[in-house]
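Notes for the structure review
So the chains spell out like this:
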Amino acid sequence: MPDIGQEAPSPATVLSSRIKRNTACTSCRDAKVRCNPSHNPAQACQRCAKLHLSCIVDKTHKRVSRKSKLDELVQEIQSIKQSVSSVGGQPASLPGQATRYSPQNEVLSSSKEISLPRLGVPSPISVSAEAEVRPLTGVASTTIPTTVAPSSVVHTPSSIQLIPGPSAEPTLPRALGSQPFSGEDIDYYFQKYFEFFHPYIPIIRFRDPNKIYDSSPLLFWTIIYISSRRYAKSPGIFSFLLDAIRRDAYAAITTPPLPLPSINSLILLCSWIFPDVRFVNDPTTLFSSICMNAALQLGIHYGKGAHPEYSHGVFQNSFTDEEATFTWAGYNIIAQRISSSLGIPPLGGLFNQTIQNVIDGRTPFQVPSTFRVLLECQKFCNHVTKTMAACLEESRGVSPQIVRLLEDEWTAVRGLICSERADDLDRFNALLVQLEIQTYYFMPLPGYSSEALKRNVMRAYSTAQAVIREALELDRKMQFLQHVPHFHFRALLAAACLIYRVLRSAYIEFLDRETAEKSAADVITVSRRAVVIDADLPTRLGNLLESWSVRLLARGSPSQQTPQEQWNEEPVSSFSHRLGASVTFDCMTRWKSDHKPPIPGNIGSNPGLVPVAPGNSNGNETPAGLSGTADLNIDWAFMDDFDWSFEPVIPVLTAPT
């Protein structure tokens with residue numbers, strides 16, 4: 001029984017204790033997110049409790065207003081101007097004076113007043129312009145250059161210059177084999193790379209072509225190879241670079257130990273792999289594994305550039321903490337994306353404290369917000385993959401309750417990292433994580449509920465449609481599909497296969513016909529816009545899906561189909577050990593099943609295919625009955641990756657009767 005003489009705390013008292021805490025904790029303030037304190041002032045805030053962070057409130061912290069920040073910057077510039085005038089009498093530029101941009105001197109000075117950028121950037125193109133530190137221009141050489149870090153990035157001392165612009169020395173001409181490249185050409189390719197490709201995986205921390213070539217010719221030519229995918233200045237340059245980089249990359253991995261620039265080269269190649277790659281000869285798994293071994297040998301996983309225990313003998317580290325941290329973060333992203341796209345357990349992605357420091361903003365250097373969000377997304381995907389791999393080791397399916405728990409967990413994390421300040425690419429990356437989780441609904445345990453399966457599959461189908469729509473919208477805003485990394489395209493491939501797997505099931509009768517046709521057309525559009533060269537993966541995927549789209553959607557109403565034309569099966573994947581890629585492999589196998597050549601003498605058992613003439617069975621049989629597919633120039637060898645000559649036995653799980 002409460003003591004009557006002791007006055008119980010009133011709601012007003014509790015409220016006042018919360019109101020007095022008008023300062024966010026250090027973790028939330030560093031991450032630039034809202035700090036929601038707990039009802040009990042002695043407990044951690046909601047975000048710190050969720051992420052198991054130390055919640056410390058610095059009561060001495062004073063919020064810096066925008067006006068006071070601008071006043072400080074103006075006073076600093078005026079002080080520099082006065083010191084320059086007293087020394088040499090040379091004028092100095094003010095923030096209101098604009099500086100023209102050129103590839104030779106990539107130094108930007110705003111033509112307007114300095115403003116505080118938000119955490120989420122409008123697009124990856126603007127990250128290189130807004131989210132990275134550049135020195136002020138127009139200051140005489142007798143003074144010390146001053147850098148100003150964006151206030152949206154925490155723990156960034158203003159004296160640290162990140163990704164310095166090209167040096168005053170002109171870019172030297174180079175030659176790769178018999179192919180010469182002038183200094184102007186090299187500047188052109190470097191400018192295109194850092195403008196359109198670098199923001200997706202910003203692991204290169206300096207931009208001087210001469211310095212990059214001195215550190216690693218392989219990294220130098222890899223940057224030019226990636227840029228020439230879309231911006232080759234002359235015909236034949238890209239094919240030449242493709243062959244040369246492929247040869248040099250395989251030669252580099254045979255001569256350990258790999259230095260940090262070579263590791264960065266392999267990470268970039270995993271991000272924009274050779275366009276003629278196929279499922280069976282995709283080298284990204286090999287490259288990623290080598291990156292892991294080399295990074296661990298150099299001590300990069302600690303985020304230290306000169307770790308005393310890893311700098312000895314042939315491992316004399318000369319890189320900085322910033323370079324080590326970005327390289328380690330880039331490796332973890334690549335390793336997890338390869339694991340998800342190939343449907344294999346994690347390749348060794350160690351999302352350790354170094355990665356958590358990057359995500360939380362606890363680094364003494366600037367990290368673009370989009371890169372931090374992507375890293376957080378891959379960390380959660382790693383958690384999903386490990387959980388599902390453990391479940392599938394014990395059974396041939398996944399409980400929908402486990403999938404739903406992971407969905408709810410991701411929804412909570414997503415709300416923290418994708419606030420109103422997040423940009424379109426951040427939301428797209430978060431949507432890909434949601435789709436990867438919902439993919440496991442296609443692998444139910446035996447004895448599943450048909451109604452629950454239909455409800456969950458249709459939710460995953462809607463998410464896949466949203467992924468395709470968002471990709472087209474990103475392409476409209478910033479040419480996303482022209483510069484799309486390989487791991488993003490493989491995620492789009494998974495969304496496309498999920499859509500077509502639902503279309504190729506009994507659930508097609510629950511879909512709106514017009515919406516289904518538009519979704520199928522959007523998938524083909526995404527593939528066409530991502531094409532780099534003829535016969536690359538986007539080309540083959542577009543041809544494959546276009547042929548299947550005609551077969552799936554050109555039949556009229558399902559009620560008008562004959563029993564032979566109907567699919568009575570539910571969209572349950574026959575692959576139970578390919579994790580997040582199970583629907584992709586199942587979709588490809590069923591495409592093959594629908595287009596396999598008929599058994600001689602039993603043509604009616606597989607309607608829609610013409611008989612194969614004797615002596616003409618070469619594995620490239622063309623399906624008949626596909627209106628308009630004769631002009632699609634389909635690369636039927638695409639299915640060689642899935643063993644065309646093998647007759648699959650597709651087990652289908654059925655609901656209990």
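Residues numbered from 1 in each chain as written. Predicted model: local features only at pLDDT ≥ 70, side-chain atom pairs only at ≥ 80, totals over all residues. Heavy atoms only, no water.

1. Details of the nonpolar core
Stated precisely, the cut-off is as follows: What makes a nonpolar core is a set of buried Ala, Val, Leu, Ile, Met, Phe, Trp, Tyr and Cys residues whose side-chain atoms join them at distances within 4.5 Å. Burial here depends on accessible area, computed with a 1.4 Å probe over protein chains only, as a share of the maximum for the residue type. Under 20% is buried, over 50% is exposed, and the range in between is partly exposed. A run of H or I in DSSP counts as a helix once it spans at least four residues, and a run of E counts as a strand once it spans at least two, with each numbered from the N terminus. Working rule for contacts: check all heavy atoms of both residues, and any pair within 4.5 Å makes them a contact.
With 128 residues, the main nonpolar core has Leu268, Phe480 and Tyr500 as its most contacted residues. Among the elements that make up this core, the one with the highest residue count is helix 18 (residues 486-503) (13 residues). Setting aside its immediate chain neighbours within four residues, Phe480 contacts Tyr200, Leu425, Phe428, Ala471, Leu474, Asp475, His488 and Leu492. Within the second largest apolar cluster, 22 residues are counted, among which are Cys381, Ala422, Tyr441 and Met443.

2. Observations regarding the confidence of the model for the chain
For the record, the criterion: What pLDDT expresses is the predictor's confidence in each residue, scored from 0 to 100.
Across the chain, the average pLDDT comes to 76, with 70% of residues at or above 70. Low pLDDT (under 50) marks residues 599-632, which in the prediction has 49 contacts with non-local residues, meaning those over four places away or in another chain. Counting contacts from residues 642-657, a segment whose pLDDT is below 50, to residues more than four positions away or on other chains yields 31 contacts.

3. Here we look at the side chain of Ser339
Mapping Ser339 onto the fold places it in helix 12 (residues 321-342). Its relative accessible area of 1% is what places Ser339 among the buried residues.

4. Re the packing of helix 6 (residues 183-197) against helix 8 (residues 217-231)
Test applied: Every angle, taken between N-to-C directions, lies between 0 and 180 degrees, and every axis is a line fitted to C-alpha atoms, over only the stretch in contact when it is a helix. Our angle categories are set so that under 35 degrees counts as roughly parallel, over 145 as roughly antiparallel, 65 to 115 as roughly perpendicular, and the remainder as oblique. Residue classes follow a fixed rule: Ala, Val, Leu, Ile, Met, Phe, Trp, Tyr, Cys and Pro count as nonpolar, while Asp, Glu, Lys and Arg count as charged, and any other residue, Gly among them, counts as polar.
In contact at an axis separation of 8 Å, helix 6 and helix 8 are set at 75 degrees when each is read in the N-to-C sense. In terms of their interaxial angle, helix 6 and helix 8 are classed as roughly perpendicular. Contact residues: helix 6 offers Ile186, Tyr188, Tyr189, Phe190, Lys192, Tyr193, Phe196 and Phe197, while helix 8 offers Phe220, Ile223, Ile224, Ile226, Ser227, Ser228, Arg230 and Tyr231. Classifying every residue of the contact of helix 6 with helix 8 by side-chain character gives 12 nonpolar, two polar and two charged.

5. Focus: unusual backbone geometry
Omega for the peptide link from Pro256 to Pro257 comes to 0 degrees, which places this bond in the cis form. By the secondary structure assignment, Pro257 is in the loop between helix 9 (237-252) and helix 10 (260-271). Although it is not a glycine, Gln479 sits at a positive phi angle of roughly 55 degrees. The topology assignment puts Gln479 in the loop between helix 17 (450-478) and helix 18. The exposure class of Gln479 is partly exposed, given its relative accessible area of 34%. Of note in the backbone geometry, Leu579 takes a positive phi value of approximately 50 degrees without being a glycine. Residue placement: Leu579 occurs in the loop between helix 20 (537-553) and helix 21 (582-595). The exposure class of Leu579 is buried, given its relative accessible area of 5%.

6. Some thoughts on helix 6
The following threshold applies: The length a helix should cover is 1.5 Å for every residue beyond the first.
Look at helix 6: 20 Å from first C-alpha to last across 15 residues, which is about the 21 Å you get at 1.5 Å a residue. Of all 15 residues in helix 6, 11 are buried, a share of seventy percent or more. For helix 6, the full list of buried residues reads Gly183, Ile186, Asp187, Tyr189, Phe190, Gln191, Lys192, Tyr193, Phe194, Phe196 and Phe197.

7. Considerations on the pattern of salt bridges
Filter applied, for reference: The salt bridge definition used is simple: a Lys or Arg side-chain nitrogen within 4 Å of an Asp or Glu carboxyl oxygen.
In this structure the tally under the stated criterion is 23 salt bridges. Put simply, Glu436 and Arg337 hold a salt bridge, and the shortest N to O gap is 3.3 Å. Of the two residues, Glu436 sits in helix 16 (residues 424-438) while Arg337 sits in helix 12, which places them 99 residues apart along the sequence. According to the relative accessible area criterion, Glu436 is buried, its value standing at 9%. Its salt-bridge partner being Lys477, residue Asp424 comes within 2.6 Å of it at the nearest N-O pair. With Asp424 in helix 16 and Lys477 in helix 17, the pair connects residues that are 53 residues apart, well separated along the chain. Looking at Lys477, the relative accessible area reads 47%, which means it is partly exposed. Three or more residues are tied together by salt bridges with common partners; here these are Asp424, Arg427, Glu473, Arg476 and Lys477.

8. Comments concerning the state of the cysteines
The test is simple: Disulfides are defined as cysteine sulfur pairs within 2.5 Å.
A full pass over the atoms with the stated rule returns zero disulfides. Looking at Cys48, it has no disulfide partner, and the nearest cysteine sulfur is the one in Cys45, 3.4 Å off. For Cys48, a relative accessible area of 1% puts it in the buried group. Cysteine Cys381 shares no disulfide, and the gap to the nearest cysteine sulfur, in Cys377, comes to 6.8 Å.

9. Thoughts on the packing of helix 10 against helix 11 (residues 284-298)
Counted only if it meets this: Here a crossing is taken to be left-handed if its near helix is turned anticlockwise relative to the far helix by less than a right angle, and right-handed if that turn runs clockwise.
Two elements in contact, helix 10 and helix 11, have axes whose closest approach is 9 Å; the angle formed by their N-to-C orientations is 155 degrees. For the element pair helix 10 / helix 11, the angle class is roughly antiparallel. Of the two elements, helix 10 crosses helix 11, and the hand of that crossing is left-handed. In this structure, helix 10 contributes Leu260, Ile263, Leu266, Ile267, Leu269 and Cys270 to the contact, and helix 11 contributes Thr284, Phe287, Ser288, Ile290, Cys291, Ala294, Ala295 and Leu298. Its residues assigned to classes, the contact of helix 10 with helix 11 shows 12 nonpolar, two polar and no charged.

10. Structural notes on the environment of Ser519
Along the chain, the position of Ser519 falls in helix 19 (residues 513-529). Judged by its relative accessible area of 8%, Ser519 is buried. Along the chain, Ser519 and Ile468 lie 51 residues apart, while their C-alpha atoms are 7.9 Å from each other. Those residues within four positions of Ser519 in sequence are excluded, and the remaining contacts are Tyr461, Gln465 and Ile499.

11. Brief notes about the packing of aromatic side chains
Aromatic ring pairs are reported here in terms of the distance separating the ring centres and the angle at which the planes meet. Our working definition: Here is the rule: rings of Phe, Tyr and Trp (six-membered ring for Trp) pair when centre to centre is within 6.5 Å. Planes less than 30 degrees apart are stacked, more than 60 are edge-to-face, and the remainder are tilted.
Tallied over the full model, the rule gives 23 aromatic pairs. Note on Phe326 and Phe365: the rings are 6.0 Å apart at their centroids and 40 degrees apart in plane angle, and the pair reads as tilted. Taken together, the residues Phe326 in helix 12 and Phe365 in the loop between helix 13 (353-360) and helix 14 (369-394) connect sequence positions 39 residues apart. Exposure remark for Phe365: the relative accessible area of 5% places this residue in the buried category. These aromatic residues form a ring-pair network of at least three members: Phe181, Tyr188, Tyr189, Phe190, Tyr193, Phe194, Phe197, Tyr213, Phe220, Trp221 and Trp272.

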